[in-house]
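Per-entry structural report
Listed here are the chains, written in short residue letters.
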Amino acid sequence: MYQNNKSNYSMPFCGLTLKMYETGKQPPSYQYSASSTKAKFMCSLTKKLYGISQVMEWYNTPEVQVYAKAGYNLKWGSKVQQAKETKYGADSEQVITLYMVKPFNGNQSVDGLKPVGQSMPQYKEVQMTEAQPSAPDNAMPVEKMSDMDDEIPF
């Protein structure tokens, strides 16, 4: 089974999190919502709050740029969890997070099979040899094309 081994990660979790609260409606209506003017994303590193229009400002902070320069990529994720505070009788909330993840390392084998680059034979440079003549030594050039035609018996 897969085990989440946090000792593999040298850097703490880096993300912007927004909480959305239950609307009390059922699908196809939205079950969770947040006001775009009031709701704020919280940075997991600095605990600073950012509006939706400030996401690039967050990304350009020195704390997040450490991750970007280390090759991390942005990814969106969401989960529904038990609310810590009950608001308006709702007991669950949806948490949406924009977070930094390490890029996939293609050298690791998940299913035990080799990557295509390792399983396919590699092209090897072969030294060219001198071409051999295809006609015998006593061959003569054809002077009349009519000599080339054979009689076809019917």
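Criteria and thresholds
Residues numbered from 1 in each chain as written. Predicted model: local features only at pLDDT ≥ 70, side-chain atom pairs only at ≥ 80, totals over all residues. Heavy atoms only, no water. Buried < 20%, exposed > 50% of the residue type's maximum accessible area, 1.4 Å probe, protein only. Helix = DSSP H or I, 4+ residues; strand = E, 2+ residues; numbered from the N terminus. Arc of directions from axis to C-beta. Salt bridge = Lys/Arg side-chain N within 4 Å of Asp/Glu carboxyl O. Patch = residues over 30% accessible without salt bridge, like charges linked within 9 Å, V, L, I, M, F, W, Y side chains within 5 Å. Areas by Shrake-Rupley, 256 points an atom, 1.4 Å probe, with all protein chains shown as cover. Pairing = 2+ DSSP bridges. pLDDT = per-residue confidence, 0-100. Core = buried A, V, L, I, M, F, W, Y, C linked by side-chain atoms within 4.5 Å. Contact = heavy atoms within 4.5 Å.

This brings us to helix 2 (residues 62–69). Burial in helix 2 covers these residues: Val64, Gln65 and Tyr67. The arc that holds the buried residues of helix 2, viewed along the axis, is 155 degrees, so those residues lie on one side. Across from the buried face of helix 2, at angles greater than 90 degrees, the exposed residues are Pro62 and Lys69. Following helix 2 by one or two positions, glycine 71 has its phi on the positive side, about 95 degrees.

What follows deals with the pattern of salt bridges. A full pass over the atoms with the stated rule returns one salt bridge. Residue glutamate 93 pairs with lysine 19 through a salt bridge whose shortest N-O separation is 3.7 Å. Highlighted residues: glutamate 93 in strand 6 (residues 90–101) and lysine 19 in strand 1 (residues 15–22), separated in sequence by 74 residues.

Our next topic: a nonpolar patch on the surface. A cluster of nonpolar side chains, namely Val142, Met145 and Met148, defines an oily patch on the protein surface of about 340 Å² accessible area. Within the secondary structure, valine 142 sits in the segment after helix 3 (116–119).

Glancing now at the pairing of strand 6. Each regular strand carries side chains that alternate between the two faces of the sheet. Counted residue by residue, strand 6 has ten buried out of twelve residues, so it is predominantly covered. With seven bridges connecting them, strand 1 and strand 6 associate as antiparallel partners. Within strand 6, the residue paired with leucine 16 across the bridge is leucine 98.

Summarising the model, the protein chain shows a mean pLDDT of 81, and 81% of its residues fall at 70 or more. In the model of the protein chain, helix 3 stands out as the element of lowest mean pLDDT, 68, in contrast to strand 3 (residues 41–43), which has the highest, 95.

Within the largest apolar cluster, 17 residues are counted, with the highest numbers of intra-cluster contacts made by Cys14, Leu16, Trp58 and Met100. Going through the elements one at a time, strand 1, strand 3, helix 1 (55–59), helix 2 and strand 6 are the ones with two or more residues in this core. What tryptophan 58 contacts, discounting residues up to four positions off in sequence, is Cys14, Gly15, Leu16, Cys43, Tyr50, Val64, Leu74 and Leu98.

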